[in-house]
Amino acid sequence: MVGVATRPRFALAAVAAVLLTFVASLGLHVRRASGTFAGHNGRIAFQTDRGEGDAQIFTMNTGGGGLQQLTHASTYLGDAAYSRGANRVLFYELVGGTGDIFVMDSNGHHQKQLTDDPAYDSQPSFSPDGRQILFDSDRTGHDQVFIMRADGSHERPITHDSRDNDDPVFFPSGHRIAITAYYPSPSCKSAIVTMKLDGTHRHRLTDKAHCQYYPDVSPNGKLIAFSRDNSKGNPDLFRMRADGTHLHRLTETSSGREFDATFSPDSKKIAYDRGASGSDYDIRVMTATDEHDHVLLGGSSNDYVSDWARRP
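Worth saying up front: this structure is predicted, and the values here are computed from it rather than measured. (Residues numbered from 1 in each chain as written. Predicted model: local features only at pLDDT ≥ 70, side-chain atom pairs only at ≥ 80, totals over all residues. Heavy atoms only, no water.)

1. Notes on the overall build of the chain
Inference 1: Within the chain one finds 1 helix and 24 strands.
Inference 2: Going through the 312 residues of the chain one by one, you find that 57% of them count as buried. (Helix = DSSP H or I, 4+ residues; strand = E, 2+ residues; numbered from the N terminus. Buried < 20%, exposed > 50% of the residue type's maximum accessible area, 1.4 Å probe, protein only.)

Here it is, written out as structure tokens:
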């Protein structure tokens, strides 16, 4: 899908070629799908152009050091998501207009392709028990949320709308998910929505007057962080309770873009991306109460946080 820098977003397949050509120069990226669960804070996975080729999957420690490159492909990779025990990592590979889901060991070894479809599959996320995987695909003509077994079998859609549904993430119970639901409009209008795994009990948590996207559920299941475009069209971070109440703004900058909020496994911190027009993108971290905000990984490269692992 098109990166945050050029919101609003459109159908995934329509912009895949643009991503391949302009990702480095425009700071475009594809969102990670978070999969952290309660526990001690482990390593952080991120995608970056600091390695060879296009964007690759790296990990770092919680202080921003100890960088380790997991993938060495000539294609664009992103959306890294840990399993609960942090022994497996999901990611997607973009080739032309096609995206497919892969899995590998946490050290980058034993990579295995899970989906093989001419559509654009991305945003994978493990269920808490590791038996199922959520992902996003445009194989039905619109971006819809799918689920499959951890071995890639029994793929089936959860949503069946004539509108786009993106950014799926599990609640820690494993019985409910949060997504971004888009609504017909000349401009970007979307809301954070929750539902059961069968697509029932759909509940909209935010209004439809803004472009709101990239939800992440805290590992304790109490909070949801997400991005919302402000009056200038740039995204800021917000936080709310899991039922949609007690909305709280986490960031407010005049020209910066903040997105890809990812809770730490202990639910006390949030890692996220910040960038400005014409600049590189850095990974920052703050407490979940918006205090002690600082750069975790900076420099001239474009770095996008993907997931925060529970320490095995």
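2. What about the nonpolar core?
General note: in soluble globular proteins, nonpolar side chains tend to be found buried as a group.
Inference 1: Membership of the largest hydrophobic core comes to 15 residues, with the highest contact counts inside it found for Leu90, Tyr92, Ile101, Leu114, Ile133 and Met148.
Inference 2: Broken down by secondary-structure element, the contributors of at least two residues to this core are strand E4 (76–82), strand E5 (88–95), strand E6 (98–105), strand E9 (132–137) and strand E10 (144–149).
Inference 3: Per-element tally for this core: the top contributor is E5, with 3 residues.
Inference 4: Grouped together as the second largest cluster of nonpolar side chains are 13 residues, Phe170, Ile177, Ala181 and Ala191 included. (Core = buried A, V, L, I, M, F, W, Y, C linked by side-chain atoms within 4.5 Å.)

3. A word on the sheet that holds strand E3 (residues 68–69)
Inference 1: With antiparallel pairing, the 4 strands of this open sheet are ordered in space as E3-E2-E1-E24. Both edges of this open sheet fall to E3 and strand E24 (303–310), since each of them pairs with a single strand only.
Inference 2: The sheet contact formed by strand E2 (residues 56–60) and E3 spans 2 bridges and is antiparallel. Across the sheet, the residue bridging to threonine 59 is glutamine 68, located in E3. (Pairing = 2+ DSSP bridges.)

4. Digging into the sheet that holds strand E16 (residues 212–217)
Inference 1: Here 4 strands make up an open sheet; going across it, the order is E16-E17-E18-E19 and the pairing antiparallel. Looking at which strands have only one partner, the edges of the open sheet turn out to be E16 and strand E19 (248–249).
Inference 2: Of the pairings in the sheet, the one linking E16 to strand E17 (residues 223–229) comprises 4 bridges and is antiparallel in character. Across the sheet, residue glutamine 212 finds its bridge partner in E17, namely arginine 228.

5. Examining the pairing of strand E18 (residues 235–241)
Inference 1: Among the 7 residues that make up E18, 6 are buried, leaving the element largely enclosed by the rest of the structure.
Inference 2: For E17 and E18, the ladder comprises 7 bridges, and the chain directions are antiparallel. Residue pairing across strands places aspartate 229 opposite proline 235, the latter belonging to E18.
Inference 3: Note: E18 against E19, 2 bridges, orientation antiparallel. By the bridge assignment for E19, phenylalanine 238 is matched with arginine 249.

6. Regarding the environment of serine 173
Inference 1: Mapped onto the secondary structure, serine 173 falls in the loop between strand E12 (165–170) and strand E13 (176–182).
Inference 2: In this structure, the C-alpha to C-alpha distance between serine 173 and glycine 221, residues 48 residues apart in sequence, is 7.9 Å.
Inference 3: Within the structure, the side chain of serine 173 is placed 3.3 Å from the backbone nitrogen of histidine 175, a separation counted as a polar contact. (Polar contact = N/O pair within 3.5 Å; in protein donor to acceptor, adjacent residues only side chain to side chain.)

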